[in-house]
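# Secondary and tertiary structure notes
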Amino acid sequence: IRVKGAISMANETARSIGPVILLGPPGAGKGTQAKQIVDRYGIPQISTGDLLRAHVTLGTSLGLEAKAIMARGELVPDELLYGIVADRLREADCRRGFILDGFPRTAAQAGWLDAFLEKEFFENSEMCPPVVIQLQVDYTQLLLRLTGRRSCPTCGRLYNIHFQPPRVDELCDLDGSQLTIRDDDREEVISGRLAAYEDQTKPVADYYRVKGRLVPVNADQTMAEVAAQVFGVIDGHTSDCKPAAES
Ligand code: AP5
Ligand code: MG
């Protein structure tokens with residue numbers, strides 16, 4: 001059984017997966033599930049929130065522009081995202097597929113992404129078309145997830161004081177670093193982020209629903225239960241679109 005598992009795991013990290021778009025409100029578990037997908041399928045996680053926070057930390061001109069907007073819980077203007085997303089998607093590790101976590105989150109970004117993928121990925125390749133997984137979580141649960149979130153500044157591992165606490169309070173299990181709270185996880189900012197989601201990101205779900213690409217998943221379950229559903233969606237989607245040579 002172990003050998004069979006190893007073989008199927010090897011297949012998961014060799015075949016084309018295509019773009020996996022994780023859609024969902026703040027705290028839905030996009031980052032958490034993205035890390036599970038990375039481990040299983042060997043494709044990279046591209047989190048625009050993480051990319052922007054890295055620019056803020058480095059003090060780049062983009063970071064300086066984005067900092068105050070993010071601190072208020074509002075969305076950074078679309079045009080500021082396109083350059084960083086395009087640069088990241090052109091890196092070699094994205095050719096088999098990639099996970100988009102937090103992008104697109106306006107209808108304009110979704111249109112831009114379709115045009116970009118068509119031109120740079122689908123014209124001359126057999127990559128699978130995008131699958132859009134919508135993580136659905138109840139509002140009260142979202143608040144607990146956001147106010148309880150902690151992360152390790154060294155390795156990026158996510159914790160939650162209510163649901164996935166570290167073994168020792170406020171210290172990372174893996175490297176012992178002091179865990180940090182995200183600046184925008186304060187209650188007064190959380191409400192702004194949830195409002196931005198309702199106003200600007202819900203239309204993205206409609207955009208993909210019309211195209212028949214949206215797959216809702218009940219994400220109001222344990223991390224492992226959600227991951228099992230997410231893997232089921234990805235496996236079902238990618239089994240239909242393996243390159244002819246492999247099937
Ligand atoms: P971003 O970093 O993308 O934040 P977000 O969308 O608000 O989402 P979060 O990262 O807060 O939540 P998540 O869904 O990743 O949940 P997580 O896995 O951490 O964006 C931040 C800001 O950057 C935006 O406000 C905006 O200003 C800007 N920005 C980014 N992208 C942009 C774009 N495209 N356009 C414009 N502006 C942009 O989980 C949350 C917690 O819950 C954790 O503690 C976790 O341990 C726990 N948890 C997860 N799953 C479960 C589970 N199943 N059960 C119990 N607990 C769970
Ligand atoms: Mg996240």
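Residues numbered from 1 in each chain as written. Chains lettered and ligands numbered in written order. Predicted model: local features only at pLDDT ≥ 70, side-chain atom pairs only at ≥ 80, totals over all residues. Heavy atoms only, no water.

### Considering the site of ligand 1
Near ligand 1 lie 35 residues; those nearest to it are Thr32, Glu74, Arg149, Gln164 and Arg193. A distance of 2.9 Å separates a nitrogen atom of ligand 1 from a polar atom in the backbone of Gly102. Residue Arg105 places a side-chain N or O atom 2.9 Å away from an oxygen atom belonging to ligand 1. Notes on ligand 1: free accessible area 1100 Å², of which the protein chains cover 97%. Looking at the shell around ligand 1 residue by residue, the class counts come to 14 nonpolar, twelve polar and nine charged. (Near = heavy atom within 4 Å. Polar contact = N/O pair within 3.5 Å; in protein donor to acceptor, adjacent residues only side chain to side chain. Areas by Shrake-Rupley, 256 points an atom, 1.4 Å probe, with all protein chains shown as cover. Nonpolar A, V, L, I, M, F, W, Y, C, P; charged D, E, K, R; others polar.)

### Observations regarding the environment of Arg90
One can find Arg90 in the loop between helix H5 (78-89) and strand S3 (97-101). Considering only alpha carbons, one finds Arg90 and Phe121, 31 residues apart in sequence, at a separation of 9.4 Å. (Helix = DSSP H or I, 4+ residues; strand = E, 2+ residues; numbered from the N terminus.)

### Here we look at the side chain of Ser151
For Ser151, the position within the fold is in strand S5 (residues 149-151). When near neighbours in sequence (up to four residues on either side) are disregarded, Ser151 contacts Arg157, Leu158, Leu179 and Thr180. (Contact = heavy atoms within 4.5 Å.)

### Things to note about the confidence of the model for the protein
Summarising the model, the protein shows a mean pLDDT of 92, and 92% of its residues fall at 70 or more. Counting contacts from residues 1-5, a segment whose pLDDT is below 50, to residues more than four positions away or on other chains yields zero contacts. (pLDDT = per-residue confidence, 0-100.)

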